[in-house]
Amino acid sequence: MVVKVYGPAYASPKRVLVCLIEKEVEFETVPIDLLKGEHKDPDYLKLQPFGTIPVTQDGDYILYEIEGDERLRVNFWALAASIRQFSVGFGAEVKGFMVAKVSLVWEALGSRSVMEMMIKMAVVLGQSHAEGWQRWVEVAVLQVAAWLGFGANLERVKGKGGQVSITEEGKKIDEWRPCNGGAELGEESRAIIRYYAEKYKSQGADLLGNTIEEMGQVENWLEVEAHSYNPPIYILAVQILLFSKLGFTSDQNLIKESEEKLAKLLDVYEERLSKSKYLAGDFFSLADLSHLPFTHYLVGPMGKEDMIRSRKHVSAWWDDISSRPSWQKVLQLYPPVF
């Protein structure tokens, strides 16, 4: 049975494609244009009721992942920051356009209730005219947070000089930027690649390891990639690539913060890779494979190649894994969107 992979142009589905090629599994792809909203088409929602990517269809067996509540919370505050950023100095009509534009961005990023959220927010903002924009943004944020089920502990607090902040259980919402560095941002595909690596373990490259110790290291570094590596590099991709594509102004402080987090982590990688050829040991595994899509953005269109090249062992590791025939075939067949 041929495996169908939806959305091959985007980063996370590319993890799945590389895995299938490494495992010598036959597949076909179905393009999905997120910016056109194709992931919300009724036929697609029959496969993936949450409207996100990636999705694989193996006969009657459909596998996908959905975002958790924390990711929704993070996306929400990042969304609020975007609206606030674009609100300064614009009249009511332009602000309405900005709301619509921001909604497309976050809908494209796969946040499950974003479109509904933005419609409701736009209704509130439509009452504001040109005056009191900041107050209406705050009111809208509070109302939408309540609609999404985590607004009970939010309140408006007036500080010195009359500024108004949104707080959650007494804690300021970090200038309306993503909490905890956006720890759950990004489309997910790791459960899918684990599934296919195990299902077809007897063929193709062994991506899981042969001993319990090797398997443990693969899982360890997959977790590092998902929860420490991916969040800052994903934020960089959004701020540098996506925002540029859509004509938005990037948050330079957030870019700097994300670069610093990524640099510290790459120093850990440098130490690790000075002792083994790959992250989990001396064999290529899912742990290495999972780094391919977003690191490709980092060294290419983001213009941050020095973050890799300035570290001898990380640089050699990247040259090795990025030159694998499986990754080169994916890039040739499905060029990245950026």
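Bear in mind the structure is a predicted one, so any value in this text is a computation, not a measurement.

## Side note on the packing of aromatic side chains
Right, so step 1: By the definition in use, this model includes 10 aromatic pairs.
Right, so step 2: Ring plane angle 5° and centroid distance 6.3 Å describe the contact between tyrosine 196 and tyrosine 200, whose orientation is recorded as stacked. Exposure class is identical for tyrosine 196 and tyrosine 200. Each is buried.
Right, so step 3: With a centroid separation of 5.4 Å and an interplanar angle of 85°, the aromatic rings of tryptophan 221 and tyrosine 269 are classed as edge-to-face. Here the residue tryptophan 221 occupies a position in helix 8 (residues 212-245), and tyrosine 269 occupies one in helix 9 (residues 252-273), the gap between them amounting to 48 residues.
Right, so step 4: Overall, the relative accessible area of 8% leaves tryptophan 221 in the buried class.

## Considering the pattern of salt bridges
Right, so step 1: Per the stated rule, a full pass over the model turns up 16 salt bridges.
Right, so step 2: For the salt bridge of lysine 199 with aspartate 58, the shortest nitrogen-to-oxygen distance reads 2.8 Å. Residue lysine 199 is found in helix 7 (residues 190-199), and its partner aspartate 58 is found in strand 3 (residues 55-58); the two are separated by 141 residues along the sequence.
Right, so step 3: Residue classification places lysine 199 among the partly exposed positions, given a relative accessible area of 40%.
Right, so step 4: For glutamate 271, the salt bridge goes to lysine 275, with nearest N and O atoms at 3.2 Å.
Right, so step 5: Take glutamate 271: its relative accessible area is 43%, and that puts it in the partly exposed class.

Conventions we followed
- Residues numbered from 1 in each chain as written.
- Predicted model: local features only at pLDDT ≥ 70, side-chain atom pairs only at ≥ 80, totals over all residues.
- Heavy atoms only, no water.
- Phe/Tyr/Trp six-rings, centres within 6.5 Å; stacked < 30°, edge-to-face > 60°.
- Buried < 20%, exposed > 50% of the residue type's maximum accessible area, 1.4 Å probe, protein only.
- Helix = DSSP H or I, 4+ residues; strand = E, 2+ residues; numbered from the N terminus.
- Salt bridge = Lys/Arg side-chain N within 4 Å of Asp/Glu carboxyl O.

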